[in-house]
Amino acid sequence: SGRRRAHRDGLRIAEQRSGKDLKKIINSRNSVSARTKANSEAMYRGSASVPDSLIAYAEQIHRATDRITPAEEIELGTETQEAIRLQNVYSDLEEQLRREPSDAEWCAAAGKISSEALKAALEDGMQAKNRLVEANLRLVQGVVNLYIRNGLGSQYNA
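All of these numbers come straight from a predicted model, not from anything done at the bench.

Parameters and conventions
- Residues numbered from 1 in each chain as written.
- Predicted model: local features only at pLDDT ≥ 70, side-chain atom pairs only at ≥ 80, totals over all residues.
- Heavy atoms only, no water.
- Helix = DSSP H or I, 4+ residues; strand = E, 2+ residues; numbered from the N terminus.
- Expected span 1.5 Å × (residues − 1).
- Buried < 20%, exposed > 50% of the residue type's maximum accessible area, 1.4 Å probe, protein only.
- Arc of directions from axis to C-beta.
- Contact = heavy atoms within 4.5 Å.
- Salt bridge = Lys/Arg side-chain N within 4 Å of Asp/Glu carboxyl O.
- Phe/Tyr/Trp six-rings, centres within 6.5 Å; stacked < 30°, edge-to-face > 60°.

### Observations regarding helix α4 (residues 52-64)
And then number 1: Helix length check: α4, at 13 residues, gives a terminal C-alpha distance of 18 Å against a target of 18 Å (1.5 Å per residue), a fit within 8%.
And then number 2: Turning to α4, its buried residues are Ile55, Ala58 and Ile61. Buried positions in α4, seen along its axis, are confined to an arc of 125 degrees and lie on one side of it. Opposite the packed face of α4, turned more than 90 degrees from it, sit the exposed residues Asp52, Ser53, Arg63 and Ala64.

### Things to note about unusual backbone geometry
And then number 1: We note that Arg98 has phi near 60 degrees; this positive angle belongs to a residue other than glycine.
And then number 2: Following the sequence through the fold, Arg98 ends up in the loop between α5 (70-97) and α6 (103-110).
And then number 3: On the basis of relative accessible area, Arg98 is assigned to the exposed category, the value being 77%.

### Some remarks on the side chain of Ser115
And then number 1: The topology assignment puts Ser115 in helix α7 (residues 115-149).
And then number 2: When sequence neighbours within four positions are dropped, the list of residues in contact with Ser115 reads Asp103 and Cys107.

### A look at the pattern of salt bridges
And then number 1: Under the definition given, this model contains five salt bridges.
And then number 2: Between Asp9 and Arg12 there is a salt bridge, with its nearest N and O atoms 3.2 Å apart. Placement of both Asp9 and Arg12 in helix α1 (residues 2-18) is noted, with a separation of three residues, approximately one turn of the helix.
And then number 3: For Arg12, a relative accessible area of 43% gives the class partly exposed.
And then number 4: A salt bridge links Lys112 to Glu82, with the nearest nitrogen and oxygen atoms 3.6 Å apart. With Lys112 in the loop between α6 and α7 and Glu82 in helix α5, the pair connects residues that are 30 residues apart, well separated along the chain.

### So, the packing of aromatic side chains
And then number 1: Under the defined criterion, the tally for this structure stands at one aromatic pair.
And then number 2: Judged by centre distance (4.7 Å) and plane angle (65 degrees), the rings of Tyr90 and Trp106 are edge-to-face. One end of the pair, Tyr90, is in helix α5; the other, Trp106, is in helix α6, with 16 residues separating them in the sequence. In this structure, Tyr90 and Trp106 share a single accessibility class: buried.

Next comes the structure, spelled out in structure tokens:
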């Protein structure tokens, strides 16, 4: 497109004048990250329907939450499902026995060696679930950004 051609021409002229390979500088991880942040902030400021609280929340999500790989997603999902299974075992036992099951009964029904192993699996599952939720907030924000870029109306203001 014309914008890309103009960008390449400007880059070539700047490289000739400076004598440096500016493509490496422009495409560095830090440079791309800074440009992305600046573009996001400009996009949010330019939209009348985006409250300041959403801007702060979006920055917090990206600062505090790293992306997860497909392998991590599978592992976190497995840990979450195991915690749900253990909770279901407890509920089923409670229903069968018509009382709260003891730790020993729960361990035996769940196939765990000790109550410590049971509680560790539950805790790992809850942490995995929380990590999945946090990682998915980045996805949700990406969808929100798509709507903002395409003119989200002010009737959807949070």
